[in-house]
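Structural characterization, general
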Number of protein chains: 2
Amino acid sequence: MRLSQGVEWAVHCCLLMAWLPPTATVSATTLAEYHGVPRPYLAKALQALSRAGLVATTAGRSGGYRLARRPQEITLFDVVNAVEGDQPAFRCTEIRQNAPFPAPERCYRKSCGVAVAMWRAEQAWRDSLAEVTIAALVDTYRDNGPVPPAVQQRNADWLTERTGQSHG
Amino acid sequence: MRLSQGVEWAVHCCLLMAWLPPTATVSATTLAEYHGVPRPYLAKALQALSRAGLVATTAGRSGGYRLARRPQEITLFDVVNAVEGDQPAFRCTEIRQNAPFPAPERCYRKSCGVAVAMWRAEQAWRDSLAEVTIAALVDTYRDNGPVPPAVQQRNADWLTERTGQSHG
Ligand code: FES
Ligand code: FES
């Protein structure tokens, strides 16, 4: 079982957008360059965030992406779900019905106990992700921030030079 | 994110072995036939269970598989972990270090907050799976058992005809 690499990229893009002023926009090219990831792949992740309504896009020369909701209102679950989709990780193929002597179909209306337990575990995973907001992750970065302030400032400047303003 | 199909097969094989008398053994061929799945693929899942010490194999004409521990001592986590491996679903590539102005390496000794939150969620998933034993799943089958007793008996007979006795 493996989550796509786009999850790490998408979360870090959200962190970066949460760090910028709310109306600032940042292009896919800048996000890709900042994170050192290939733009076409990152664009796919950004489109997933956009489809899920987590980021808004503005067109034009200074267009780009910004968070569509406040960082307090976006959870890690929202981002993972946007990138990975909401299909369960465990897919029951109703193997129980393959027994040499299967029961009538109506007997299988209730989900198999194995599948129920597997899905309950996935729900625990989702619940845990839903407890963490982008805002809380930004704070973690700030609190534990091992990056020296001078380095942080240079990154901030690099970014600010490349951001536009949304008029949407 | 998707779990391999082998998980469903492996769990149902364990349920079936838990259903048999403790010393009875069942061959990969019989397990594959019972569950209507291709033997070569199922064999891979059974080998994973064997490597993890969850099933024991006996050689010879009447050889086959049986549970190596009591059904109360095997959890859903044990089975999933055996089949899927223990690699985390979320892999951090240290994308944070790709910033235009990275901090000195020592600043990144502590894991990224995003990765920590992702792994915490995976732990919640594992914890949930670890709460469910094969014995409990067998009980679920018994309690909710929608399969008419006559059908169950025919399946049991089909199976008993094909099981050997372990002398290990
Ligand atoms: S039939 Fe699919 S998990 Fe049991
Ligand atoms: S650097 Fe990998 S999750 Fe943050």
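Let me sum up the structure you'll find in this document. Please read these numbers as outputs of a predicted model, since none were measured by experiment. (Residues numbered from 1 in each chain as written. Chains lettered and ligands numbered in written order. Predicted model: local features only at pLDDT ≥ 70, side-chain atom pairs only at ≥ 80, totals over all residues. Heavy atoms only, no water.)

Our next topic: the nonpolar core. Formed by 103 residues in total, the largest nonpolar core has its most connected members in I134(A) and I134(B). In this structure I134(B) touches V11(B), C14(B), L15(B), A18(B), P71(B), I74(B) and V79(B), once residues within four positions along its chain are discounted. (Core = buried A, V, L, I, M, F, W, Y, C linked by side-chain atoms within 4.5 Å. Buried < 20%, exposed > 50% of the residue type's maximum accessible area, 1.4 Å probe, protein only. Contact = heavy atoms within 4.5 Å.)

This part is about the interface of chain A and chain B. Quoted interface sizes are often the accessible area lost when the parts come together. Opposite the 60 residues of chain A that make contact, chain B presents 60 residues. For the pair chain A and chain B, the two sides together bury roughly 5,300 Å², of which 69% comes from carbon and sulfur. Summed over the three residues of chain A that lose the most area to chain B, namely M1(A), I95(A) and F101(A), the buried surface amounts to 16% of that side. Across the contact surface, chain A and chain B share zero salt bridges. Counting the contacts that link chain A with chain B gives 14 residue pairs in polar contact (both at pLDDT 80 or more). (Buried area = accessible area lost by both parts, 1.4 Å probe. Salt bridge = Lys/Arg side-chain N within 4 Å of Asp/Glu carboxyl O. Polar contact = N/O pair within 3.5 Å; in protein donor to acceptor, adjacent residues only side chain to side chain.)

Turning next to empty space enclosed by the protein. On inspection of all chains with the given rule, the structure shows two cavities of 30 Å³ or more. Taken as a whole, the largest cavity holds about 50 Å³ of empty space. As for the largest cavity, its lining consists of M1(A), E122(A), W125(A), M1(B), A89(B), E122(B) and W125(B). Breaking the lining of the largest cavity down by element, the ones donating at least two residues are α5 (113-130) of chain A together with α5 (113-130) of chain B. Of the residues in the lining of the largest cavity, the class split is five nonpolar, no polar and two charged. Looking at the second largest cavity, its volume works out to about 30 Å³. A89(A), F90(A), R91(A), L3(B), S4(B), Q5(B) and E8(B) together form the lining of the second largest cavity. Looking at the lining of the second largest cavity residue by residue, the class counts come to three nonpolar, two polar and two charged. (1 Å grid on protein atoms, 1.4 Å probe; cavity = no way out; pocket = protein on both sides within 12 Å on 5 of 7 lines; lining within 4 Å. Points joined across faces, edges and corners; volume = space filled by probe spheres on them. Helix = DSSP H or I, 4+ residues; strand = E, 2+ residues; numbered from the N terminus. Nonpolar A, V, L, I, M, F, W, Y, C, P; charged D, E, K, R; others polar.)

Right, let's talk about the environment of R70(B) for a bit. Residues and elements named next belong to chain B. You can see R70 is positioned in the loop between β3 (64-67) and α4 (76-84). Taking the relative accessible area as the measure of exposure, R70 reaches 49% and is therefore partly exposed. As for R70 and A18, which are separated by 52 residues in sequence, their C-alpha atoms are 7.9 Å apart.

For the rest of this paragraph, the subject is the side chain of N155(B). Examined against the element boundaries, N155(B) turns out to sit in helix α7 (residues 149-160). Owing to a relative accessible area of 5%, N155(B) belongs among the buried residues under this scheme. For N155(B), the contacting residues outside a window of four places in its chain are A99(A), P100(A), F101(A), W19(B) and Y34(B).

Counting along an α-helix, one turn takes 3.6 residues, and residues three or four places apart therefore face a common direction. Residues and elements named next belong to chain B. Here helix α2 (residues 28-35) lies mainly inside the structure; six of its eight residues are buried. For α2, the complete set of buried residues consists of A28, T30, L31, A32, Y34 and H35. Elements that come into contact with the buried residues of α2 comprise α1 (6-19), α3 (39-51), β3 and α7. Backbone geometry just downstream of α2 places G36 in the positive-phi region, at approximately 65°.

Moving on, we get to the packing of aromatic side chains. This structure, assessed with the given rule, holds six aromatic pairs over all chains. For the ring pair F90(B) and W119(B), a centre distance of 6.5 Å and an interplane angle of 65° mean the geometry is edge-to-face. Here F90(B), found in the loop between α4 and α5, pairs with W119(B), found in helix α5; they are 29 residues apart in sequence, far enough to count as distant. You can call F90(B) buried: its relative accessible area is 2%. Among the residues examined, W119(B) registers a relative accessible area of 30% and is labelled partly exposed. Over the ring of W158(A) we find R162(A); its NZ or CZ atom is 3.9 Å from the centre of that ring. (Phe/Tyr/Trp six-rings, centres within 6.5 Å; stacked < 30°, edge-to-face > 60°. Lys NZ or Arg CZ within 6 Å of the ring centre and 35° of its normal.)

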